[in-house]
Amino acid sequence: MRLATWNVNSIRARVERTVAFAVREHIDVLAMQEIKCTPEQFPYAEFEEAGYFVSAHGFNQWNGVAIASREPITDVEHAFPGMPGFAKGHNGPDAPQEARAIGATIGGVKVWSLYVPNGRSLNDPHYFYKLDWLSALADYTRSTLEANPDLPMALVGDYNIAPTDEDNGDPTVVVGATTHVSPPEREAFAALEQAGLKDVVRPLVPTGFTYWDYKQLRFPRNEGMRIDFILGSHRLADNVTGAQIHRNERKGEIPSDHVPVVVDLDLTGPDDDDRPMVF
DNA sequence: ATGTCACGTACAACGTGA
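Residues numbered from 1 in each chain as written. Chains lettered and ligands numbered in written order. Predicted model: local features only at pLDDT ≥ 70, side-chain atom pairs only at ≥ 80, totals over all residues. Heavy atoms only, no water.

## Here we look at the sheet that holds strand β2 (residues 29-33)
- In space, the 6 strands of this open sheet follow the order β3-β4-β2-β1-β14-β13, with mixed pairing throughout. Each edge of the open sheet carries a strand with a single partner, namely β3 (53-57) and β13 (240-245). Averaged over neighbouring strand pairs, the angle between their axes works out to 15 degrees when direction is ignored.
- As paired elements, strand β1 (residues 2-7) and β2 share 5 bridges and run parallel to each other. Within the sheet, the bridge partner assigned to Leu-3 lies in β2 and is Val-29.
- The strands touched by helix α1 (residues 11-24) are β1, β2 and β14 (261-265); relative to β2, the strand with the most contacts, the crossing angle is about 155 degrees. (Pairing = 2+ DSSP bridges. Helix = DSSP H or I, 4+ residues; strand = E, 2+ residues; numbered from the N terminus. Axes fitted to C-alpha atoms, helices over the stretch in contact; angles between N-to-C directions. Contact = heavy atoms within 4.5 Å.)

## A look at the protein's contact with DNA strand B
- Residues in close proximity to DNA strand B total 15 residues, the closest being Ser-10, Arg-14, Trp-62, Arg-120 and Lys-215.
- What you see for DNA strand B is that sugar and phosphate hold 77% of its atoms within 4 Å of the protein.
- Within the contact set of DNA strand B, a phosphate oxygen lies 3.4 Å away from a side-chain nitrogen or oxygen of Arg-12.
- Between DNA strand B and Lys-215 there is a distance of 2.9 Å, counted from a base oxygen to a side-chain nitrogen or oxygen. (Near = heavy atom within 4 Å. Polar contact = N/O pair within 3.5 Å; in protein donor to acceptor, adjacent residues only side chain to side chain.)

## Section: the environment of Gly-169
- Locating Gly-169 in the fold gives a position in the loop between β10 (153-158) and α4 (183-194).
- What makes Gly-169 partly exposed here is its relative accessible area of 26%.
- Linking Gly-169 and Asn-222, residues 53 residues apart in sequence, is a C-alpha distance of 7.3 Å.
- The residues contacting Gly-169, other than those within four sequence positions of it, are Phe-209, Glu-223 and Gly-224. (Buried < 20%, exposed > 50% of the residue type's maximum accessible area, 1.4 Å probe, protein only.)

## Examining unusual backbone geometry
- Phi is positive for His-180, which is not a glycine, with a value near 85 degrees.
- If you trace the backbone, His-180 turns up in the loop between β10 and α4.

## What to know about the layout of surface pockets
- Its volume calculated, the largest pocket comes out at about 720 Å³.
- As for the largest pocket, its lining consists of 34 residues, and the residues nearest its centre are Tyr-115, Asn-118, Arg-120, His-126 and Asn-160. (1 Å grid on protein atoms, 1.4 Å probe; cavity = no way out; pocket = protein on both sides within 12 Å on 5 of 7 lines; lining within 4 Å. Points joined across faces, edges and corners; volume = space filled by probe spheres on them.)

## Focus: empty space enclosed by the protein
- One pass over the structure, following the stated rule, counts 1 cavity of 30 Å³ or more.
- Within this model, the largest cavity holds a volume of roughly 30 Å³.
- Per-element tally for the lining of the largest cavity: the top contributor is strand β12 (residues 228-232), with 3 residues.
- Considering only residue class, the lining of the largest cavity consists of 5 nonpolar, 1 polar and 3 charged. (Nonpolar A, V, L, I, M, F, W, Y, C, P; charged D, E, K, R; others polar.)

## Considerations on the sheet that holds strand β9 (residues 109-115)
- Judged by pairing direction, the sheet is mixed, and its 6 strands sit side by side in the order β5-β8-β9-β10-β12-β11 without closing on themselves. The open sheet terminates on both sides in strands that have one partner only, identified here as β5 (74-77) and β11 (198-199).
- In terms of strand pairing, β10 meets β12 through 5 bridges, oriented antiparallel. Within β12, the position partnered with Leu-155 by the bridge is Leu-231.
- Strands β8 (101-106), β9 and β10 of the sheet are contacted by helix α3 (residues 125-147), whose axis makes an angle of about 165 degrees with β10.

Structure below.
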């Protein structure tokens, strides 16, 4: 299975380019973030003509997540258990949820497409929402993998965190001054690893950014950030055979500000026992 | 110079979010 994640920054603005990439790179499962539309507005036809099923989740022009897959998508969820919501100046389990997570089972793999809240600034309610959201995601991960330690599970998407100093090349993003690099955010990311997940791209692609701001010639200057990740349970991580960050997708006509991150999984190995694997 | 985008509202230019 070839699995990809991509913050597309509006699927309606970029459907042609998105599908072309998926076809050209033989992507089996594409997790998208920031589709910026409702399911009713999603351009399904272009995906279906290319042989993909799609499950989309969105409430309005903000956020929105989706999964496209060559194999059927089952057991779709529109939030992970305990996912907090957000409204102006108000976050927590009683606030309305946003469209930032879609989960499904595909070919025996539990896949989550995640769009972690941005945080906006270090004293903004959105920042505390971001930390709460990540804490709840770690709780979900821990309890899921305690109940089923051998579950092949991928939590992929735009985490809006640069885990190391080398993951930030944007001179306006500074520890102590902005989001994405603050110690609490980095601790929240590390907690996901402590809950049983591994960054399955980093060992194969140790350097490189996944996002460059549109402003101030960030891409030509290569002043980007590494904030899009594919995190996997041990069962997933043990079966990765390749990984790529498709930097060239930041070039050309109307690019997203993010590029696709891809992993190849061989889930038909000797320790696969009796689990049905489609790919 | 938040020197760029995308979307909604409303039909021009601004507000919102990133």
